[in-house]
Every structure is written in C-alpha cells, then in structure tokens.
Amino acid sequence: MSLSELGTPLTGRVASFDGAAGWGVIVADSGTEYPFHCTAIADGTRTITAGIAVSFQLAPGHRGVWEAAGITPG
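Criteria and cut-off values
Residues numbered from 1 in each chain as written. Predicted model: local features only at pLDDT ≥ 70, side-chain atom pairs only at ≥ 80, totals over all residues. Heavy atoms only, no water. Core = buried A, V, L, I, M, F, W, Y, C linked by side-chain atoms within 4.5 Å. Buried < 20%, exposed > 50% of the residue type's maximum accessible area, 1.4 Å probe, protein only. Helix = DSSP H or I, 4+ residues; strand = E, 2+ residues; numbered from the N terminus. Contact = heavy atoms within 4.5 Å. Phe/Tyr/Trp six-rings, centres within 6.5 Å; stacked < 30°, edge-to-face > 60°. Pairing = 2+ DSSP bridges. Axes fitted to C-alpha atoms, helices over the stretch in contact; angles between N-to-C directions.

Engineer: I would appreciate a short explanation of the nonpolar core in the present structure.
Structural biologist: As a rule of thumb, soluble globular proteins bury nonpolar side chains together. Ranked by internal contacts, the top residues of the largest apolar core, which has 15 residues, are Ile26, Phe36, Ile48, Phe56 and Ile71. Listed by contribution, the elements that provide at least two residues to this core are strand 1 (10-18), strand 2 (23-28), strand 3 (33-37), strand 4 (53-60) and strand 5 (66-73). Per element, the largest residue contribution to this core is 3 residues, and it comes from strand 4. Setting aside its immediate chain neighbours within four residues, phenylalanine 56 contacts Thr8, Pro9, Leu10, Thr11, Gly12, Ile26, Ala28, Tyr34, Ala68, Ala69, Gly70 and Ile71.

Okay, structure coming up:
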C-alpha cells in the first residue's frame, strides 16, 4: 500500500458485519481484508448487509491498520 493509493476507489464485498458491535470486514477484489466501523458507511445508516458489493477508500484505522472508509453499496 502506497500513500498515492489512499484516494483510489476500491471495490469488494462485505464479508461480515456485526451490528451490535458496529464492526465489519470487507474483502477487496484483490482478496485483501479491511475492517470497518459502521461510521464509515457513507449514507449514515450505520448498517450494511453481508454479501453486498461495495466501493470504498482506505484510511488509517483506529486499530493501527488500514480500514475501509466512505463505503457505498454498488
């Protein structure tokens, strides 16, 4: 991951989402897994269905790893 890739939109699928905890995982088309918090869902709903296709960007995460951000279905 290079800094020039930060603004690049990525695509993948929501592998899992725990609504009670607010955390989920997206698997990018490249196969890399990225965690996300419900506040990263762009439409503000704070919930998302596992299995749907999404587009997203990467951001430095709360846990010291890259996280998905600006998540939008489609």
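Read on for the rest.
Engineer: Would you mind going over the packing of aromatic side chains with me for this structure?
Structural biologist: Aromatic ring pairs are described here by two measures, namely the spacing of the ring centres and the angle between the planes. Inspection of the entire model under this criterion finds 2 aromatic pairs. Judged by centre distance (5.7 Å) and plane angle (5°), the ring pair of phenylalanine 17 and phenylalanine 36 falls under stacked. Of this pair, phenylalanine 17 sits in strand 1 while phenylalanine 36 sits in strand 3, placing them 19 residues apart in sequence. For phenylalanine 17, a relative accessible area of 18% corresponds to the buried category.

Engineer: Looking at this model, I keep getting lost on the sheet that holds strand 5. Mind explaining?
Structural biologist: Sheets are built from strands paired through backbone hydrogen bonds, the pairs being either parallel or antiparallel. Pairing is antiparallel in the open sheet, where 5 strands are placed in the order 3-2-1-4-5. The outermost strands of the open sheet, each flanked by one partner alone, are strand 3 and strand 5. Averaged over all adjacent pairs, the angle separating strand axes in this sheet is 45°, with direction ignored.

Engineer: Even after reading the chapter, I still don't get the pairing of strand 1, so can you show me in this structure?
Structural biologist: Residues in a regular strand project their side chains so that they alternate between the two faces of the sheet. Note that strand 1 and strand 4 share 4 bridges and pair antiparallel. From the neighbouring strand, leucine 10 faces strand 4, where its bridge partner is phenylalanine 56. Bridging between strand 1 and strand 2 involves 6 bridges; their strand directions are antiparallel. Residue pairing for strand 2: glycine 12 is matched across the bridge by alanine 28.

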